[in-house]
Amino acid sequence: MASIAEALANWAAELEPSTEDLALAQRSLLDTAAVTLAAREDPLTAIAAELPDAARWAAVGHVLDFDDLHVDSTTHISVVTVPVVLATGGDARAYLAGAGVMARLGNALGWSHYSAGWHATCTAGAPAAAVAAGTALGLSAEQLATAMALAVPAAGGVQNAFGTHGKSLQVGFAAQAGVRAAQLAQAGATADPGALDAWLELVGGRGELDLSGPAVPGGLAIKVYPCCYAMQRPIAALRDVRDQVRGEVRAVRVRTPLATVKPLIHDRPTTGLEGKFSLPYAVATALLDDYPGFAAFTDEAVNRNAAQGLLREVELEHTPGADGLLTGEVDIDVEHDGPTLNVRLEHPPGAPSRPPTSAELGEKLKACGPDVPALLADADWTTVRDLLRKTFPRAA
């Protein structure tokens, strides 16, 4: 029987994107480019300046946590694969090959892998980046399988990094590892494709692959707020009742399945990055801010007296539910100076079942910078590559 790497490599080599696949690739290019440009003034931009193109652009593109998510595998697919494809001169087909492999590898790793503390964007990302880069470089199916095996040593990353620069940087490392692996395979390096099977078992994967369906099975979720995807649903839910809150908020009770808050590891955040991974701060920004955008996730915003006070009023109750960030629903009670408010939500805006309209995507691009819509007006894989090289040059 073919190894997992060989099966995925053959799938990628034979991929013929549909019209719907190509539309997803174009949306992913725009979304990823926009959130990367939005981080132009972030301190990580200078920190990552000495990294190679793929690593630098992936790290900067992920630092605001505004990039898309493959919900089924809990992986940030585009922030790995788009920079890799751009750095290696690829196109939409190379993106879809890498993205499809990343989704399927992430699904095979399963929720148990993520819930054990692995950062699946990095673990599934490194071998997938090898396929994206290898497809851009014109590798054969055999070479793609070799590249995936060569990327195995870099397929790491843990959730302890959440709330620090380490989260974005390890995504960059995974992207660059894929480029390196593809280049080595192109140069004639050998490796046992079975290494991917062995690695998958070691990190708790199920090893089950489904190569049917669209290039990216399940589609991609587009974020409305620049923070962890696990915060999108509670924020969106509370936005629906925010205008009804009167006077002092005395308690906010959040009922949701345990899996939906797994990445939210900071109950008492004191920095903007920690606030992006905090359920209590999701409540605070949803109730306090007109729009929980970039300004809501600064150190100053998180340390507001009003926000810090609200953190202490949040109570979390885990309800029954399956695995995954969108399992079940969020059910929230807000006790204030009026009658207790209750709100429930299953699918937040931007979820695969509620994809953004062209107008909504346009609004997100504007939120990423007043010049971003114009910069990306005629975006394709060549113009975006040139734009990122100009905007985020490698340090001399």
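Residues numbered from 1 in each chain as written. Predicted model: local features only at pLDDT ≥ 70, side-chain atom pairs only at ≥ 80, totals over all residues. Heavy atoms only, no water.

Looking up the chain in an unreviewed UniProt entry gives the name MmgE/PrpD family protein, with the organism given as Saccharopolyspora oryzae. Per UniProt, the chain carries the Sequence similarities (unreviewed entry) text "Belongs to the PrpD family." (UniProt positions renumbered as here; feature names shortened; annotations may be inferred.)

Engineer: Can you explain the pattern of salt bridges? Please cite residues and give values.
Structural biologist: If you walk through the whole model with that rule in mind, you get 16 salt bridges. The residue Glu335 makes a salt bridge to Arg253 at a minimum N-O spacing of 2.8 Å. Pair noted here: Glu335 is in strand β3 (residues 330-335) and Arg253 is in strand β1 (residues 251-257), with a separation of 82 residues, a long-range link. Here Asp289 makes a salt bridge to Arg304, at a shortest N to O gap of 2.8 Å. In this pair, Asp289 is assigned in the loop between α14 (279-288) and α15 (299-302) and Arg304 in the loop between α15 and α16 (305-311), connecting sequence segments 15 residues apart. Asp289 sits in the buried class, given a relative accessible area of 13%. It is possible to trace a salt-bridge network through shared partners that takes in Arg255, Glu329, Asp331, Asp333 and Arg344. (Salt bridge = Lys/Arg side-chain N within 4 Å of Asp/Glu carboxyl O. Helix = DSSP H or I, 4+ residues; strand = E, 2+ residues; numbered from the N terminus. Buried < 20%, exposed > 50% of the residue type's maximum accessible area, 1.4 Å probe, protein only.)

Engineer: Describe the packing of aromatic side chains, and please don't skip the residues or the numbers.
Structural biologist: The tally for this structure, following the rule as stated, stands at six aromatic pairs. Aromatic pair Phe66 and Phe294: ring centres 5.4 Å apart, planes at 85°, arrangement edge-to-face. Residue Phe66 is located in the loop between α4 (53-62) and α5 (77-87), and its partner Phe294 is located in the loop between α14 and α15; the two are separated by 228 residues in the primary sequence. Lying over the aromatic face of Trp11, Arg104 brings its terminal NZ or CZ to 4.5 Å of the ring centre. Positioned above the aromatic ring of Phe162 is the side chain of Lys167, whose terminal nitrogen or guanidinium carbon lies 4.9 Å from the ring centre. (Phe/Tyr/Trp six-rings, centres within 6.5 Å; stacked < 30°, edge-to-face > 60°. Lys NZ or Arg CZ within 6 Å of the ring centre and 35° of its normal.)

Engineer: For the packing of helix α1 (residues 4-14) against helix α6 (residues 92-115), give the residues involved together with the corresponding values.
Structural biologist: Between α1 and α6, the least distance of the axes is 9 Å, while the angle of their chain directions is 150°. Accordingly, the angle class assigned to the pair α1 and α6 is roughly antiparallel. As for the relative orientation of α1 and α6, their crossing is right-handed in sense. For the pair α1 and α6, the contacting residues are Leu8, Trp11, Ala12, Ala13 and Glu14 in the first and Arg93, Leu96, Ala97, Gly100, Val101, Arg104 and Leu105 in the second. Split by residue class, the contact of α1 with α6 holds eight nonpolar, one polar and three charged. (Axes fitted to C-alpha atoms, helices over the stretch in contact; angles between N-to-C directions. Parallel < 35°, antiparallel > 145°, perpendicular 65-115°, else oblique. Left-handed = near helix turned anticlockwise from the far one by under 90°. Contact = heavy atoms within 4.5 Å. Nonpolar A, V, L, I, M, F, W, Y, C, P; charged D, E, K, R; others polar.)

Engineer: Report on the UniProt feature "domain: MmgE/PrpD N-terminal" (unreviewed entry) in the chain, specifying residues and quantitative values.
Structural biologist: Mapped onto the present numbering, the UniProt feature "domain: MmgE/PrpD N-terminal" (unreviewed entry) falls at residues 58-196. Across residues 58-196 one finds 67% helix and 0% strand; the C-alpha atoms that close the span lie 23 Å apart.

Engineer: Quick rundown of the UniProt feature "domain: MmgE/PrpD C-terminal" (unreviewed entry) in the chain? Include the residues and the values.
Structural biologist: Mapped onto the present numbering, the UniProt feature "domain: MmgE/PrpD C-terminal" (unreviewed entry) falls on residues 225-372. Secondary structure across residues 225-372 comprises 30% helix and 16% strand; the distance between its end C-alpha atoms is 17 Å.

Engineer: Tell me about the side chain of Asp31, residues and numbers included.
Structural biologist: Within the element layout of this structure, Asp31 appears in helix α2 (residues 19-37). According to the relative accessible area criterion, Asp31 is buried, its value standing at 0%. Dropping the residues within four chain positions of it, Asp31 is found in contact with Phe66, Asp67, Asp68, Ile222, Leu361 and Lys364.

Engineer: Describe the environment of Lys223, naming the residues involved and giving the relevant values.
Structural biologist: Looking at the element boundaries, Lys223 is found in the loop between α11 (194-202) and α12 (232-239). According to the relative accessible area criterion, Lys223 is buried, its value standing at 1%. Here the alpha-carbon distance between Lys223 and Leu388, two residues 165 residues apart in the chain, equals 21 Å. Excluding anything up to four places from it in sequence, Lys223 contacts Asp65, Phe66, Asp67, His76, Cys228, Tyr229, Gln232 and Lys364. Of the polar contacts made by the side chain of Lys223, one reaches the side chain of Asp65; its length is 2.7 Å. (Polar contact = N/O pair within 3.5 Å; in protein donor to acceptor, adjacent residues only side chain to side chain.)

Engineer: Quick one: what's the story with the nonpolar core, residue by residue and with numbers?
Structural biologist: By size, the foremost hydrophobic cluster in this structure holds 87 residues, and its most contacted members are Tyr95 and Leu376. With 12 residues, α6 is the single largest residue contributor to this core. Ignoring any residue separated from it by four or fewer positions in sequence, one finds Leu376 in contact with Leu30, Ala33, Ala34, Leu37, Leu365, Val384 and Leu387. Core analysis: the second largest hydrophobic core is formed by 50 residues, Trp111, Val252, Val283 and Val343 among them. (Core = buried A, V, L, I, M, F, W, Y, C linked by side-chain atoms within 4.5 Å.)

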